[in-house]
Amino acid sequence: MSSPVVTRFAPSPTGYLHIGGARTALFNWLFARAQGGKFLLRIEDTDRERSTPEATAAILKGLDWLGLDHDGEAISQFARASRHADVARQLLHQGRAYKCFATQDEIETFREAARAEGRSTLYRSPWRDADPSTHPDLPYVIRIKAPQEGETVIVDQVQGNVTIRNDQLDDMVLLRGDGTPVYMLAVVVDDHDMGVTHVIRGDDHLNNAARQMMIYHAMGWSVPVWAHIPLIHGPDGKKLSKRHGALGVEEYQAMGYPAAGMRNYLTRLGWSHGDDEFFNDAQALAWFNLEGIGKSPARLDFKKLENICGQHIAATPDAALLHELMDFLAATGQPALPAHKKAMFFAAMPHLKERAKTFFELLDKAAFITADRPIQPEAKAAEQLNDVSRGILIELTPHLQNASWTRDDLEHVLNEFAQMQGMTFGKLAGPMRAAIAGRSATPSVFDMLLVLGREESLARLSDAAA
Ligand code: GLU
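A few points on the structure.

The rules behind the values
- Residues numbered from 1 in each chain as written.
- Predicted model: local features only at pLDDT ≥ 70, side-chain atom pairs only at ≥ 80, totals over all residues.
- Heavy atoms only, no water.
- Near = heavy atom within 4 Å.
- Polar contact = N/O pair within 3.5 Å; in protein donor to acceptor, adjacent residues only side chain to side chain.
- Areas by Shrake-Rupley, 256 points an atom, 1.4 Å probe, with all protein chains shown as cover.
- Nonpolar A, V, L, I, M, F, W, Y, C, P; charged D, E, K, R; others polar.
- Salt bridge = Lys/Arg side-chain N within 4 Å of Asp/Glu carboxyl O.
- Helix = DSSP H or I, 4+ residues; strand = E, 2+ residues; numbered from the N terminus.
- Buried < 20%, exposed > 50% of the residue type's maximum accessible area, 1.4 Å probe, protein only.
- Pairing = 2+ DSSP bridges.
- Axes fitted to C-alpha atoms, helices over the stretch in contact; angles between N-to-C directions.
- Contact = heavy atoms within 4.5 Å.

What about the site of the ligand?
Taken together, Arg-8, Ala-10, Pro-11, Ser-12, Glu-44, Tyr-183, Val-187, Arg-201 and His-205 make up all the residues around the ligand. Contact distances for the ligand include 2.9 Å between a nitrogen atom and a side-chain N or O atom of Ser-12. Within the contact set of the ligand, a nitrogen atom lies 2.6 Å away from a side-chain nitrogen or oxygen of Glu-44. Across the complex, the protein chains shield 80% of the 300 Å² of accessible surface that the ligand would expose by itself. For the shell around the ligand, the residue count by class is four nonpolar, two polar and three charged.

In structure tokens:
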């Protein structure tokens, strides 16, 4: 039986969780959950100058919003530095690594000479084969003994077999002169100790994989399954930049995209299952595999994102959608809705959620609910309210007072009233929309009346008529 799948997301906490990182996390989460395995989180905080607790918090928040829960505690890479150093020393004892006493100046002189002679500038340390009895009592770094002949083949689930000539590999430093481990060592030791079976990450790390394999081999550890995914590009096919929407996920949240829609869209960004564009989590979990990851960079497409988000909003059950909407208000610092407005929202949800692509659009369609009396009509709506139309609204009032407030009855009363006034219902609807919602484009007049109820509706009509 093969061992259970363990994946990890290993962000460096030097900034927000950007869209590419979020997708990497999502792929690892999907793969682990689909396989009934574990999804671990490791914060790669070894760069003490650039790592901040704020960035860690932002990453955790972003993952939480996207619903990507990890197993166990998040691991700090920095906290494991002594374990990383131990592995370097172990390799030294086993003769798979060596002490190098070369100074920066000596290395630079080597490189200059190599450049001048047109040789490879990869540093070749004279200490690799030095007899330890000749070692001076000076500071040293620990370097791995890289293979010098043959090839290293990275068997990658996305990129295929990637072959690197071993003469392109240098004896990389494992432990610095001050005793601190290098990042490349930390990654391998952590992945090994965490039992990571599959490393799914951006293909900007493909070159690192060859160097990391040296450490796996030297330690006699089994190499994980690699899957290096192409980076995300902007709509123009160029490398993603801020201008394209290389934003933190919290900015996508602030733009009103639902998390389920983001998950769906990000899953499709570089992975496919036939022609399926719109799917839910259960389907994604049933279908996700490494074979479906594409070899060429996916392009960010906001139209597609909106389209998918709109379908998720429409497909979300009303109560759950209302709940998410309240979270959205809180997350974006907007005032919470009082209970009676929440109830109205819930009643209106079946109509509101059709064709809203973001929570902003949903709220916009619900402006007649969120607005408070007296309603301040927008300029275009205000044009609908003049002496004549005010008079008509006043005349309408007793008819509505006596209506039984069902859809059928309201339709009957309003159509009959319009007829009595010698006008079409469309003509009557204009001032009613202005009075009730302060807008010229609104959900249907009947829907609004039913949701607001008799008392509130009449009060708004009377405010506008006054
Ligand atoms: N910390 C690295 C990054 O944020 C990821 C390293 C890895 O996945 O191996 O790009």
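So, the pattern of salt bridges
Using the criterion set out here, one finds 27 salt bridges in the structure. Across the pair Asp-447 and Arg-407 runs a salt bridge, and its minimum N-O distance is 2.5 Å. One end of the pair, Asp-447, is in helix H19 (residues 445–465); the other, Arg-407, is in helix H17 (residues 407–420), and 40 residues separate them in sequence. The buried category is assigned to Asp-447, whose relative accessible area is 11%. Among the residues examined, Arg-407 registers a relative accessible area of 32% and is labelled partly exposed.

Observations regarding unusual backbone geometry
A cis amide bond links Arg-373 with the next residue in sequence, Pro-374, at an omega value of -10 degrees. Here Pro-374 shows up in the loop between helix H14 (367–370) and helix H15 (379–382). In the Ramachandran plot, Arg-355 falls in the positive-phi region, its phi being about 70 degrees despite a non-glycine side chain. Structurally, the position occupied by Arg-355 is in the loop between helix H12 (339–352) and helix H13 (359–365). Arg-355 sits in the exposed class, given a relative accessible area of 74%. Phi at Trp-405 takes a positive value of approximately 60 degrees, unusual for a residue other than glycine. For Trp-405, the position within the fold is in the loop between helix H16 (387–401) and H17.

A short note on the sheet that holds strand S4 (residues 97–100)
The sheet built from three strands is open, its strands ordered S4-S5-S8 with antiparallel pairing. The open sheet has two free edges, formed respectively by S4 and strand S8 (173–175), since each of these has just one partner strand. The mean inter-strand angle of the sheet, taken between neighbouring strand axes irrespective of direction, is 45 degrees. Bridge analysis of S4 against strand S5 (residues 141–144) gives four bridges, and the strand direction is antiparallel. Bridging across to S5, Ala-97 finds its partner in Ile-144. Against the sheet, helix H3 (residues 81–93) makes contact with S4, S5 and S8, and its axis sits at roughly 115 degrees relative to S8, the strand it touches most.

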